[in-house]
Amino acid sequence: MNRREFTKALAVAALASMADPKMIVGRASHAQWAKSKTQITSEEGSTNMTVSRPNVLLLFADQQRFDTIAAGGNDIIKTPALDRLCSSGIRFDRTYTPSPVCVSARYSLLTGLYPHRSGCADNGHPMSQTLPTIPGMLTQAGYQTRAIGKMHFNPTRHPFGFEAMELSEEIPGQVESDEFLQHLVDAGYKHVHEPHGIRSEHYYIPQTSQLPAEHHTTHWTADRTIQFLKDRDRSRPFFAMSSFIKPHPPFDPPVPWNKLYRAHEMPLPKRPERADALMTWHMRNQNHYKRRNAGVDDNLITAMRAAYYACISFIDYNVGRILDELEAQGELENTIIIYTSDHGELLRDYGSYGKRCFYDSAARVPLIISWPGKMTGGKVCDVPTSTVDLFPTIAEAAGVPWEEDKIDGVPLQRILMGENRREYILGQLNHKELGVYFIFDGRYKYIYSAPDQKEYLLDTKNDPLETGNHALVDGGKPHLLRLRKSLIEQFKKDGYTLPLEGNRWRENPPAKLPPATQSTSNQDARWTDPYLHVPGYERT
């Protein structure tokens, strides 16, 4: 085996090689952030490596913050199944979304591309049907691929490489287009017009699900995943993306999960003294259209947080059911299990709700990778990573060729072997006059918000809670200039000049908030329209 073949084999088998007792995943300092302490050693001449293709199970939450796992240090939340994954695998503690909103975050994960290269940077942006995706590549390589739950694809029913899909989307247009709605109708729950919680004016009001736990979307997603595992083609490896709608609002845990946490037990949100200076246009706009801009009620906020935690614990319970099925089939040791989310949730941190910013509350997500029997468990990696890294990580683990110069992600196997040469991770929300652009070097975050015409610099070492904008603080300016230059140069290198005028940001007219009518009151489920009209009581 020559050196090139050995290197390729080692990269493909890196996850399998993590049982090596010499492997250490440590806490990297700023100076070492691009150089993990992980060491895997082997003698080239004595290596004879044969790797079977593993199954891949991608467990995906929607809007789950990074700090909501007990094993990660949260001493309030109960997550025994996720703790089990942390014990058998590696928790990547500083993983960021490439785009803090559903559609573009998911598309970046599928393609391994940052939004400025994928062409999708927000929910309203279409997902190109011509770019390679990880499910498409695995399907072509002989994997049985299945999408289960919320995909939030645009267009909705395009498979983007999956062989089959069973969907449970947030606001489906028709019963026939959504397998979960079909299940509810067949089970006698057609009268529940908003099965994922009442949206509109109640979007951020904590509520108890109108459905029993066994018919909740979270339980259904696990049910369908378990059924897929039972019915699958045992002659092929599988790739399944099991994607939960929750804890995306409305926060509607079913009984008895709705009483697992009580409001008085919940911490209050992050309220820096200089929070106003950190409030971006998109954060103000979220408060505006989510109807959260008319005052502060701490009782409501803590009740909301309790319901949010309950949604996560209910996901955790159902993750445990899926893991138990894999174990019962004897497939745990042949399955790479990945748990992550598309983005976080502010939960009133900085006075805002939702996502759409690059502060940790909204942009930093959980990421756990477990391969029982093949991976030394209980480790934590502090090297900054991105969910775009999952495309090459899965491809290399499955032995599927991919073109490095066409992908932004870095295989996590290489990061764990200390071979990461990436200087920055990037991110983007929307574009043109509403664009927000992000670069992170492991210590400093640089953010440019076009609608604010404003730059932000966060020092995650000296201000880990991100309580102030250090752009104008003594010592901050050189880092701001350095990161701004690096981000603009990367955009120009990639041929993305939409936000640029030469070597600076393009100037746009100040963005205005849309009218109040463009709010969550427009999010009623369209399939229920025929049932909302009572003779003599029609809305005009």
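Residues numbered from 1 in each chain as written. Predicted model: local features only at pLDDT ≥ 70, side-chain atom pairs only at ≥ 80, totals over all residues. Heavy atoms only, no water.

Q: Which residues make up helix α14 (residues 477-493), and what values do they have?
A: Here α14 spans 24 Å end to end across 17 residues, near enough to the 24 Å set by a 1.5 Å rise per residue. For α14, the full list of buried residues reads Leu480, Leu483, Ser486, Leu487, Ile488 and Phe491. Remark: Gly495 follows α14 within two positions and exhibits a positive phi of approximately 75°. (Helix = DSSP H or I, 4+ residues; strand = E, 2+ residues; numbered from the N terminus. Expected span 1.5 Å × (residues − 1). Buried < 20%, exposed > 50% of the residue type's maximum accessible area, 1.4 Å probe, protein only.)

Q: Go over the pairing of strand β15 (residues 454-459), please, and point to the residues and values.
A: Two strands pair when backbone bridges link them, and strand β14 (residues 444-449) and β15 are joined in this way by 6 bridges, in the antiparallel orientation. Residue Ser449 lies in a different strand from β15, and its bridge partner there is Lys454. What sits between the antiparallel neighbours β14 and β15 is a turn of 4 residues, in which Gln453 has the positive phi angle 50°. (Pairing = 2+ DSSP bridges.)

Q: Requested: an account of the environment of Pro249, with residues and values cited.
A: If you trace the backbone, Pro249 turns up in the loop between β6 (238-243) and α8 (275-278). Overall, Pro249 belongs to the buried group, its relative accessible area being 1%. Residues Pro249 and Gly354, 105 residues apart in the sequence, show an inter-C-alpha distance of 8.6 Å. Setting aside chain neighbours within four positions, we find Pro249 in contact with Gln63, Glu170, Arg199, Tyr203, Tyr204 and Glu345. (Contact = heavy atoms within 4.5 Å.)

Q: Describe the packing of helix α2 (residues 80-88) against helix α10 (residues 298-328), naming the residues involved and giving the relevant values.
A: One can describe the packing of α2 onto α10 by two numbers: an axis separation of 7 Å at closest approach and a directional angle of 50°. When the axis of α2 is compared with that of α10, the two are oblique. Packed against α2, whose contacting residues are Pro80, Ala81, Leu82, Arg84 and Leu85, the element α10 presents Asp316, Val319, Gly320, Leu323, Asp324 and Glu327 at the interface. In the contact of α2 with α10, the residues fall into 6 nonpolar, 1 polar and 4 charged. (Axes fitted to C-alpha atoms, helices over the stretch in contact; angles between N-to-C directions. Parallel < 35°, antiparallel > 145°, perpendicular 65-115°, else oblique. Nonpolar A, V, L, I, M, F, W, Y, C, P; charged D, E, K, R; others polar.)

Q: Tell me about the sheet that holds β15, and please be specific about residues and values.
A: With antiparallel pairing, 4 strands are arranged side by side in an open sheet as β12-β13-β14-β15. Of all the strands in the sheet, just β12 (425-429) and β15 have a single pairing partner and so form its edges. Here the strands of the sheet are splayed against their neighbours by 15° on average, with no regard to which way each runs. Across 5 bridges, strand β13 (residues 436-440) lies against β14 in antiparallel orientation. Among the inter-strand pairings, Tyr437 is bridged to a residue of β14, identified as Tyr448. The sheet strands contacting α14 are β12, β13, β14 and β15, and the helix crosses β14 at an angle near 65°.

Q: Requested: an account of the nonpolar core, with residues and values cited.
A: The nonpolar side chains of soluble globular proteins are, as a tendency, buried together. Counting residues in hydrophobic clusters, the biggest one holds 45 residues, and the most contacted among them are Phe92, Met127, Leu138, Phe153, Phe239, Ile338 and Ile369. Dropping the residues within four chain positions of it, Met127 is found in contact with Val103, Tyr107, Leu110, Cys120, His152, Phe153, Asn154 and Phe160. The next biggest cluster of nonpolar side chains, apart from the first, holds 39 residues, and it includes Met283, Cys357, Phe440 and Leu500. (Core = buried A, V, L, I, M, F, W, Y, C linked by side-chain atoms within 4.5 Å.)

Q: Requested: an account of the pattern of salt bridges, with residues and values cited.
A: Under the counting rule described, the total for this entry stands at 36 salt bridges. Between Arg236 and Glu163 there is a salt bridge whose closest N-O contact spans 3.0 Å. Of this pair, Arg236 sits in the loop between α7 (217-231) and β6 while Glu163 sits in the loop between β4 (144-149) and β5 (164-167), and the two are 73 residues apart along the sequence. Given the relative accessible area of 25%, Arg236 is considered partly exposed. As a salt-bridge pair, Arg443 and Asp459 come within 3.0 Å of each other at their nearest N and O atoms. Of this pair, Arg443 sits in the loop between β13 and β14 while Asp459 sits in strand β15; the two residues are 16 residues apart in sequence, bridging distant segments of the chain. Of the two residues, Arg443 and Asp459, neither departs from the other in class, the shared state being buried. Overlapping salt bridges bring together Asp62, Arg106, Lys150, Glu170, Arg199 and Asp342 as one network. (Salt bridge = Lys/Arg side-chain N within 4 Å of Asp/Glu carboxyl O.)

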